[in-house]
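Residues per chain, in single letters:
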Amino acid sequence: MDFRAGDSWGIFAFLCAALWNLPAVPALNSTDEAGAGQSIQKTYDLTRYLEHQLRTLAGTYLNYLGPPFNEPDFNPPRMTRAEMVPSATVDFELWRSLNDNARLAANYRAYTHLLCYLRGMDGQVAKADLRKSLGHFCSSLQGLVVSIAGVMSSLGYPLPGSLGSTDPAWAHGLGPVSPHNDFLKKMDDFWLLKELQTWLWRSAKDFNRLKKKVPPAAVTLSLEAQGF
């Protein structure tokens, strides 16, 4: 074909501009999706790690509390003080009916509270090795809270508002030590560990479902016709 110099330059410039602008919008969409998927996978892995970590920690801690708390069939009714611990006892169908944003927000709130309670428990343990294990678990749980916040951000969800006071009553002491207060304190610790186990079990299922919606390696490139 016989193109004139002006026509050749115009076509060249057009192709350069097209190649330069072509990946701009799809690349952002793909990066966002892949970033969200990676964040979800990381959070799922962390919940499974914490589940495994808590099984060992709970057994050690309940032995530290002694009978009846370390007995396999011990299943006391939930007491008024223990009701301050965020409960994972929610109807399964009701929980599944919530949208992703609502479940993520509930997880974020719960672990923020549970972490505060766990730190209060950590400060009153006499055994140094158990305190060290609790401290390590608290650090991992703090990582989970940050990770959930990252998932919400990557999906475009706002973090929940102010959680109000998260200071557990027992973090500030129970007044004069008495057998009654000591038993209530142990009951609080028992329920804290029990609820943590249930929350982590359910969170692992939540993030497993969520990561199937947004796979870590998802890179979807969809180009719309622009009249070419």
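What you see is a predicted model; the values in this text were computed from it and never measured.

Reading guide: rules and limits
- Residues numbered from 1 in each chain as written.
- Predicted model: local features only at pLDDT ≥ 70, side-chain atom pairs only at ≥ 80, totals over all residues.
- Heavy atoms only, no water.
- Helix = DSSP H or I, 4+ residues; strand = E, 2+ residues; numbered from the N terminus.
- pLDDT = per-residue confidence, 0-100.
- Contact = heavy atoms within 4.5 Å.
- Expected span 1.5 Å × (residues − 1).
- Salt bridge = Lys/Arg side-chain N within 4 Å of Asp/Glu carboxyl O.
- Buried < 20%, exposed > 50% of the residue type's maximum accessible area, 1.4 Å probe, protein only.

### Digging into unusual backbone geometry
Across the junction of Pro-67 and Pro-68, the peptide omega takes the value 0°, indicating a cis bond. In this fold, Pro-68 is placed in the loop between α2 (24-65) and α3 (92-97).

### Some thoughts on the confidence of the model for the protein chain
Across the protein chain, the average pLDDT comes to 75, with 67% of residues at or above 70. Helix α1 (residues 5-21) is the least confidently modelled element of the protein chain, averaging 43 in pLDDT, while helix α5 (residues 128-154) averages 93, the highest of any element. For the stretch residues 217-228, pLDDT sits under 50, and the model shows 10 contacts to residues farther than four places along the chain or on other chains.

### A word on α5
Along its 27 residues, α5 runs 39 Å from first to last C-alpha, staying within 8% of the 39 Å computed at 1.5 Å per residue. Positive backbone phi, approximately 85°, marks Gly-156, located one or two places after α5.

### Observations regarding the pattern of salt bridges
One pass over the structure, following the stated rule, counts 6 salt bridges. With a closest N to O distance of 3.0 Å, Asp-100 and Lys-213 form a salt bridge. Note that Asp-100 is positioned in helix α4 (residues 100-122) and Lys-213 in helix α6 (residues 179-213), a separation of 113 residues in sequence. Given a relative accessible area of 53%, Lys-213 falls into the exposed group. Linked through salt bridges whose partners overlap, the residues forming this network are Asp-100, Arg-103 and Lys-213.

### Describing the environment of Trp-191
With respect to the helices, strands and loops of the structure, Trp-191 is situated in helix α6. The exposure class of Trp-191 is buried, given its relative accessible area of 7%.

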